[in-house]
Amino acid sequence: MARRKISAQRAILVFVLCAALVSGGSAFFSRKSEPAEEKNKKDEKQTVDATKSSGKGTAAASAADAVVDAANATEKLIRVAVLVPSNPTMHHDLKQMIMTNLRRLPDANPTMEIRTFLDAGPIPTLPSDGRPLSKTARLRNRMIDAVGIEDYDYVLWIDSDVIEFPADLPTLLISENPTGVTAPLVLIEEPGPLGPNQFYDTTAFTLKGRAYHRPKDNTPYVEGRSVQLFYPYVPIQPYLDPPEQCVMLDGVGTVYVIPVALFTKHGARYRDHPSLTEHWSIVEAAHQAGMPVCMHTGVIVRHANLPKWGDSWHANAR
């Protein structure tokens, strides 16, 4: 199968800047993966290969088969850009965890061409920023602009302080909801500050039809708007038997996959939101484009318990 090559200019950018992030600096970083049968192509010398590790993920058979069938039907790989916004001051061990997990992706998703890009900033704070992480919207837009988004079918965002995720994460999420925005269940690394299996991003993950409940409230958890802190996370609909695996939501964050068409066709851009974070601008665009937005409750990832690593929880207000 023929594979689209990256431009020489982009390849040089990838190669020259990658060392800065690995050594703890702040720079744009990319790791490109490709199918095993094409690893010996000459253009591979222009990139940093992230396909050295081996081992399959633990995708459910039905999910994996669905993606395999799709790839066979079109006779081409599904192209996924994995974008990882990072922080130059992030704990060294957390950096190693995310890099180890990212290297597992190519072998565990054989029907996909996966390229991974990390950007550690720095992004300056502006007087107009309404919250400490307002600049993250600018960081995400910078990454979208830098990677040549039109060369891909999907974007998978993974925050750099996510320390556990299944190696077949792209396959699981895309096969469940190929035309929409899909997030996994994002829990806090144990022990959770309030108890086991505590949900992480209750600011960005909002219940269906509830995103504008108490719109001026920018506290991390808003009763009746946020996904619940503990199981079942989303109130169970008694008429669903068995419960749906992909639960429709208003908002998602932290980790999610998006069809590239949302950016290239619908012109979506990240903008900060004082109470729902920068993710809402993209998810709102997805709703307007008729794309389903859901959380896959059968896929669990773990976000670092930040105080354990000498950091504080991300604040949503000054």
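Residues numbered from 1 in each chain as written. Predicted model: local features only at pLDDT ≥ 70, side-chain atom pairs only at ≥ 80, totals over all residues. Heavy atoms only, no water.

Counting its secondary structure elements, the chain contains eight helices and 10 strands. Within the span of the chain, comprising 318 residues, buried residues form 54% of the whole. Taking as baseline every contact in the chain between residues at least 6 positions apart, the subset at least 24 positions apart corresponds to 75%. Split by element, the accessible area of the chain, about 14,200 Å² in all, is 56% carbon and sulfur. (Helix = DSSP H or I, 4+ residues; strand = E, 2+ residues; numbered from the N terminus. Buried < 20%, exposed > 50% of the residue type's maximum accessible area, 1.4 Å probe, protein only. Contact = heavy atoms within 4.5 Å. Areas by Shrake-Rupley, 256 points an atom, 1.4 Å probe, with all protein chains shown as cover.)

All right, on to the environment of Pro 259 then. The residue Pro 259 is located in strand 9 (residues 255-259) in this model. By relative accessible area, Pro 259 is classed as buried at 8%. In sequence terms Pro 259 and Val 155 are 104 residues apart; their C-alpha atoms lie 6.4 Å from each other.

With that settled, consider the state of the cysteines. Tallying each qualifying case throughout the model produces one disulfide. Cys 246 shares a disulfide with Cys 294; S-S distance 1.8 Å. Placement of Cys 246 in strand 8 (residues 246-251) and of Cys 294 in strand 10 (residues 293-303) is noted, with a sequence separation of 48 residues between them. Each member of the pair, Cys 246 together with Cys 294, is buried. (Disulfide = S-S within 2.5 Å.)

With 74 residues, the main nonpolar core has Leu 102 and Ile 158 as its most contacted residues. In this structure, Ile 158 is in contact with Val 82, Leu 83, Val 84, Pro 85, Ile 98, Leu 102, Phe 165, Leu 169, Thr 254 and Val 255, ignoring residues within four places of it in sequence. (Core = buried A, V, L, I, M, F, W, Y, C linked by side-chain atoms within 4.5 Å.)

Before going further, it helps to spend a moment on the packing of aromatic side chains. All chains considered together, the criterion is met by eight aromatic pairs. Where Tyr 200 meets Trp 313, the ring centres are 6.2 Å apart and the plane angle is 40°; that geometry is what we call tilted. One end of the pair, Tyr 200, is in the loop between strand 6 (181-188) and strand 7 (206-207); the other, Trp 313, is in the segment after strand 10, with 113 residues separating them in the sequence. An aromatic cluster is defined as three or more aromatic residues linked by ring pairs; in this entry it consists of Phe 199, Phe 205, Tyr 231 and Tyr 233. Sitting above the plane of the Trp 157 ring, Arg 140 keeps its charged end 4.7 Å from the centroid. Cation over ring: Arg 140 sits above Tyr 270, and NZ or CZ is 5.8 Å from the ring centre. (Phe/Tyr/Trp six-rings, centres within 6.5 Å; stacked < 30°, edge-to-face > 60°. Lys NZ or Arg CZ within 6 Å of the ring centre and 35° of its normal.)

Turning our eyes to something else, we now look at the environment of Ser 134. Within the secondary structure layout, Ser 134 lies in the loop between strand 3 (112-119) and helix 5 (136-146). By relative accessible area, which is 3% here, Ser 134 ends up buried. For Ser 134 and Glu 278, which are 144 residues apart along the polypeptide, the C-alpha to C-alpha distance reads 7.3 Å. In this view, Ser 134 contacts Asp 129 and Asp 272; residues no more than four positions away in its chain are not counted.

Here the focus is helix 6 (residues 169-176). Counting buried residues along helix 6, seven of its eight residues qualify, which places the element largely inside the surrounding structure. Every buried residue of helix 6 is accounted for by Leu 169, Pro 170, Thr 171, Leu 172, Leu 173, Ile 174 and Ser 175.

Bringing the environment of Ser 226 into the picture now. Inspection of the secondary structure assignment puts Ser 226 in the loop between strand 7 and strand 8. For Ser 226, a relative accessible area of 2% gives the class buried. Between the C-alpha atom of Ser 226 and that of Thr 206, which follows or precedes it by 20 residues, the distance is 4.5 Å. Apart from the residues within four sequence positions on either side, Ser 226 is in contact with Thr 202, Phe 205, Leu 207, Pro 220 and Tyr 221.

In total, this model carries 10 salt bridges according to the counting rule given. Here Asp 153 makes a salt bridge to Arg 79, at a shortest N to O gap of 3.0 Å. Taken together, the residues Asp 153 in the loop between helix 5 and strand 4 (154-158) and Arg 79 in strand 2 (residues 78-85) connect sequence positions 74 residues apart. Across the salt bridge formed by Asp 129 and Arg 138, the nearest N and O atoms sit 3.0 Å from each other. Owing to a relative accessible area of 28%, Arg 138 belongs among the partly exposed residues under this scheme. Three or more residues are tied together by salt bridges with common partners; here these are Arg 140, Asp 159 and Glu 278. (Salt bridge = Lys/Arg side-chain N within 4 Å of Asp/Glu carboxyl O.)

Let us now look at unusual backbone geometry. Each neighbour pair has its own omega, and for Glu 190 with Pro 191 the value is -5°, a cis peptide bond. Across the junction of Tyr 231 and Pro 232, the peptide omega takes the value 10°, indicating a cis bond. Take Pro 232: it is sitting in the loop between strand 7 and strand 8. Here Thr 254, not a glycine, exhibits a phi torsion of approximately 70°, which is positive. Examined against the element boundaries, Thr 254 turns out to sit in the loop between strand 8 and strand 9. Owing to a relative accessible area of 1%, Thr 254 belongs among the buried residues under this scheme. Notably, Thr 277 is not glycine yet its phi reads approximately 70°, a positive angle. In this structure, Thr 277 sits in the loop between helix 7 (261-264) and helix 8 (279-288).

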